Amino acid sequence: MKPVDKIRSRTVVLPTRDIDTDQIISARFLTTTSREGLGKNVFNDLRYNADGSEKPDFVLNRPESEGCRILIGGNNFGCGSSREHAPWALLDYGFEAVISTEIADIFCNNSLKNGLLAIVVDNNTHQWLLDNPGADIAIDVAAATITLPGGKIVEFGIDGFAQHCLTEGIDQLGFLQQQTSTIESYEENRSWKP
Amino acid sequence: MSNPSTLFEKVWADHVVVDETPETPAVLYIDLHIIHEVTTPQAFSVLRENGLVVRRPDLTLPTLDHSTPTTPVSTFKDLLVAGEGAANQVRQMQQNCEDFGLDLLGYGSGKRGIVHVIGPELGATQPGKTIVCGDSHSSTHGAFGALAFGIGTTEVGHVLATQCLLQRKPKTLAVDVDGELPVGVTAKDLILAIIGKIGVNGGTGHVIEYRGAAIRAMEMESRMTVCNMSIEAGARAGMIAPDETTCDYLQGRSRAPHGAAWDEAVERWRLLRTDDGASFDKSVTVDASELVPMVTFGTNPGMVVGINDPVPDGSDASFRKALDYMQVESGKPMTGNAVDIVFVGSCTNGRISDIEEAARILQGRKVADSVRMMVVPGSEQVKKEAEERGLDRVIIAAGAEWREAGCSMCIGMNGDIAQPGQLTVSTSNRNFEGRQGVGARTVLASPATAAASAIAGFIADPRTYS
């Protein structure tokens, strides 16, 4: 995983509550055996008509959304299915961060393991972001802060380990493998065997 | 004796390999890893790229379920019914299992089926185990007092390679279900009511423990239905303390302990209960005796209403969007809405008791001409048992389709989908926009409500068909 430290971008706003991972990437695109190439299908049914033409009103299809790398979602973003294809698709599309007031557990875990920042902010900050689509904001992972236009800085909570792995580009599998001897000893010494 | 602990805390503590610190999550040992064709290919690629092996093939249970056709399969060509991508995914899973020395419960095994149906029916799912799968409905296995949760593909790779996961300890939520479920009201209705009460994010960050008289009175398959949908409330997992019902279900199953090992296991399982005085981070109480059959009206499982109650009103944009998508009006009940498809199956309601419940209502009746009804058993063993009991004949005689085991229309990966605008009454777990096909409308319900609606041709109260 490549290190993720600072992101600066204009925002795209998708204010709907409870955006589930089926909407982020429909199951019919899960027959892939690769992590790449899912960006073209992200939010497919919201982005495209049945004939494949773009829905001009959908936020990602508007010209001002071009190049935006930060997505502001409604509360409880990423609920539902555990499919890691959801963060893969968002990353492949070009997003580097998702901000909401609440982010579903599995989606959040999957995102952070792939270098997609999943950030929970307070209600006031969230409302400001919803009300100001296209705002140019800067995220600093190491400092755990977001700088809003005009210089106001807001803090966000992030798990210390996830933060360390993101900023250093650490692969968590490598971290687990370093525990091999402890795992072996656990297997030998436990009081019952599965 | 240490401080009073919850069931979850006991299972968690038993599996901590390395303690959690502020800087690092706990290393948690996994006792059973169930894998399927959709969320594993990229994990096996990581093993190959790094020259790694599967650490514990004996604790890994692979099967094929998500992208498999529900028509008979004996050759590769038969798989193509579900599409070329789906067929290739199945073939790759077969190859991965062969290359990594895993015993795939695939075609010809007689044991293939939905991940969360076969774990319990084989007796591999047991109290006190940690169980994961690259599928969010892994919470199902918590019905046995296991700690079971869904993981992403990166974590599937972690478990394949190390049999461990990096985890922060979740919080706990007690859901006490007092009283007795009225006749005609099922476990599905109960869990839909619970999700309606606490919301689709009511359990986020928590492990739920379901307790109380109504839970204790349930058979295992009903408990599985309840735990299955814990994730639909956002919860990490759902658990129920094991008891006599749990032991009766497991005894004699092929992968359950036998002989002296069985007695030892039962002794250990008896301790798996929340101690008096143990505290939960949150708690909720539900009175089972007040419940009625439930149906969803919106586009998430928390948008749920009693079958004869009016659809509620809401003003915010997300609520209106959901009602527009569903073509449903506030103030009117869901009964009477015309139905195009009825789907009975899935890891929520694809077990033998679910098929039996649907067949009981279909017995001697006909599915309405305007309705296509599909009954999809959760596993090959469920299919076999249903056929031994003659349930397939009841289903076929009523004019419904009796199909091969798999996830089918719950996720719509295998060609079993609804067309835009069609309304499906589904015993599955998600009514998300487009879940069962682009523009498809899903109403979640129990197998009884689904079967009653198939006969009526519109959403119908199953209590009038008993």
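The residue count restarts for each chain, going from 1 along the sequence in the order it is written. Starting at A for chains and at 1 for ligands, labels are handed out in the order in which the entities are written. This being a predicted model, a pLDDT of at least 70 is required before a residue's local features are given, and a value of 80 or more before pairs of side-chain atoms are given or counted; all residues contribute to the totals for chains, interfaces and linings.

### Remarks on the overall build of chain A
Selection rule: Labels follow the DSSP assignment, with helices taken as runs of H or I lasting at least four residues and strands as runs of E lasting at least two, numbered in each case from the N terminus. In this scheme the burial state of a residue depends on its C-beta neighbours within 10 Å: 20 or more other such atoms mean buried, 12 or fewer mean exposed, and anything in between means partly exposed; the C-beta positions come from the backbone. Distance between backbone-placed C-beta atoms decides contact: two residues are in contact if it is within 7 Å.
Secondary structure assignment for chain A yields eight helices and seven strands. In terms of principal-axis extent, the alpha carbons of chain A reach across some 60 × 45 × 25 Å. Taking all 194 residues of chain A together, the buried fraction comes to 42%. The contacts in chain A between residues at least 6 apart in sequence include a share of 67% that link residues at least 24 apart.

### Focus: the overall build of chain B
Looking only at helices and strands, one finds 17 helices and 18 strands in chain B. When its C-alpha atoms are laid out on the principal axes, chain B stretches across 55 × 55 × 45 Å.

### Some details on the pairing of strand 6 (residues 147-150) of chain B
Residues and elements named next belong to chain B. Where we set the bar: The rule for pairing is simple: two strands pair if DSSP sees at least two bridges between them.
Of the two faces of strand 6, the one holding L147 and F149 and the one holding A148 and G150 are both buried throughout. The sheet contact formed by strand 5 (residues 130-133) and strand 6 spans four bridges and is parallel. The residue of strand 6 that forms the bridge with C133 is G150.

### Describing the interface of chain A and chain B
Note the following rule: Throughout, the ten residues Ala, Val, Leu, Ile, Met, Phe, Trp, Tyr, Cys and Pro are labelled nonpolar, Asp, Glu, Lys and Arg are labelled charged, and all others, Gly among them, are labelled polar.
Counting residues at the interface gives 46 residues for chain A and 57 residues for chain B. Elements represented by at least two residues in the side of chain A that touches chain B include exactly helix 1 (21-24), helix 4 (105-113), helix 6 (160-168), helix 7 (172-177) and helix 8 (180-189) of chain A. Broken down by element, the residue count for the side of chain A that touches chain B peaks at five residues, all from helix 4 of chain A. Looking at the side of chain A that touches chain B residue by residue, the class counts come to 13 nonpolar, 20 polar and 13 charged.

### Section: helix 14 (residues 352-362) of chain B
Residues and elements named next belong to chain B. Counting buried residues in helix 14 gives eight out of 11 residues, a clear majority hidden from the surface. Turning to helix 14, its buried residues are I352, D354, I355, E357, A358, A359, I361 and L362. Buried residues in helix 14 make contact with strand 14 (341-344), helix 13 (346-349), strand 15 (372-375), helix 15 (380-388), helix 16 (391-397) and helix 17 (447-456).

### Side note on the nonpolar core
The condition that has to hold: In plain words, the nonpolar core is the set of buried Ala, Val, Leu, Ile, Met, Phe, Trp, Tyr and Cys residues that C-beta atoms within 7 Å link up.
Within the largest apolar cluster, 199 residues are counted, with the highest numbers of intra-cluster contacts made by V98 of chain A together with L190, V295, V342, V375, A400 and A451 of chain B. It is helix 7 (residues 187-198) of chain B that contributes the most residues to this core, eight residues altogether. With near-sequence residues (within four places) excluded, V375 of chain B lies in contact with V344, G345, I355, A358, I395, A400, E401, W402 and R403 of chain B.

### What to know about the sheet that holds strand 7 (residues 153-155) of chain A
Residue and element names in this part refer to chain A. To keep it simple, the criterion reads: Between N-to-C directions, angles span 0 to 180 degrees; the directions come from axes that are lines fitted to C-alpha atoms, helices contributing only their stretch in contact.
As summarised here, the arrangement of the seven strands in space is 4-3-2-1-5-6-7, forming an open sheet in which the pairing is mixed. Single-partner strands in this sheet number two, and they are strand 4 (117-120) and strand 7. Sheet twist, expressed as the mean angle between neighbouring strand axes with direction ignored, is 30°.

### A few points about the domain arrangement of chain B
All names here are of chain B. Under the convention used in this document: Note that the domain bounds were set by an automatic or database domain assignment.
Domain boundaries in chain B define domain 1 (7-167), domain 2 (171-241 + 271-290) and domain 3 (294-465). For domain 2 and domain 3, the distance between their C-alpha centres works out to 23 Å. Each partner contributes residues to the interface: domain 2 has 16 residues there, and domain 3 has 18 residues. Secondary-structure elements contributing two or more residues to the side of domain 2 that touches domain 3 are helix 7 and helix 9 (220-228). Sorting elements by how many residues they give to the side of domain 2 that touches domain 3 places helix 7 first, with six residues.

### Let's talk about the sheet that holds strand 16 (residues 401-402) of chain B
All names here are of chain B. Strand order in the open sheet formed by five strands is 16-15-14-17-18, and the pairing between neighbours is parallel. Looking at the sheet topology across the chains shown, the edges are occupied by strand 16 and strand 18 (441-444). The pairing of strand 14 with strand 17 (residues 423-426) spans three bridges and is classified as parallel. Among the inter-strand pairings, F343 is bridged to a residue of strand 17, identified as S426.

### A short note on helix 6 of chain A
All names here are of chain A. Cut-off, in case you're wondering: This arc is taken over the directions from the axis of the helix to the C-beta atoms.
Within the sequence span of helix 6, burial applies to F161, A162, C165 and L166. The buried residues of helix 6 occupy an angular sector of 130° when projected down its axis, which confines them to one face. Looking at the buried positions of helix 6, the neighbouring elements they touch are helix 4 and helix 7. Immediately downstream of helix 6, the backbone of G169 shows phi near 70°, a positive value.

### Some words on the packing of helix 7 of chain B against helix 9 of chain B
Residues and elements named next belong to chain B. Our working definition: An angle counts as roughly parallel when it lies under 35 degrees, as roughly antiparallel when it exceeds 145, as roughly perpendicular when it falls between 65 and 115, and as oblique in every other case. The crossing is said to be left-handed when, going from far helix to near helix, the turn is anticlockwise and less than a right angle, and right-handed when the turn is clockwise.
In the contact formed by helix 7 and helix 9, the axes pass within 8 Å of each other and the chain directions differ by 25°. It follows that helix 7 is roughly parallel to helix 9 by the angle criterion. Considering only the axes of helix 7 and helix 9, their crossing is right-handed. Here helix 7 contributes A187, K188, L190 and I191 to the contact with helix 9, which in turn contributes S222, T225 and V226.

### Quick notes on unusual backbone geometry
Positive phi, normally seen in glycine, also occurs at D18 of chain A, with a value near 55°. Within the element layout of this structure, D18 of chain A appears in the loop between strand 1 (6-14) and helix 1. The phi dihedral of Q163 of chain B falls on the positive side, at around 65°, and the residue is not glycine. Topologically, Q163 of chain B is positioned in the loop between helix 6 (153-162) and strand 7 (164-167).

### Description of the confidence of the model for chain B
Put simply, the rule reads: Per-residue confidence from the predictor is reported as pLDDT, a score between 0 and 100.
With 100% of its residues at a pLDDT of at least 70, chain B reaches an overall mean of 97. Across the assembled chains, the prediction reports ipTM 0.96 with pTM 0.97.

### What about the environment of R83 of chain A?
Within the secondary structure, R83 of chain A sits in the loop between strand 2 (70-73) and helix 3 (85-93). Residue classification places R83 of chain A among the buried positions, given that 29 C-beta atoms sit within 10 Å. With 26 residues separating them along the chain, R83 of chain A and N109 of chain A place their C-alpha atoms 11 Å apart. Here R83 of chain A is in contact with T21, I25 and L30 of chain A together with T39 of chain B, once residues within four sequence places are set aside.

### Digging into the environment of P127 of chain B
Residue and element names in this part refer to chain B. With respect to the helices and strands, P127 occurs in the loop between helix 5 (115-122) and strand 5. Put simply, P127 and W269 are 142 residues apart on the chain and 6.1 Å apart in space, counted from C-alpha to C-alpha. Look past the residues within four positions of P127 in its chain and what remains in contact with it is F144, G145, A146, P242, T246, W269 and L272.

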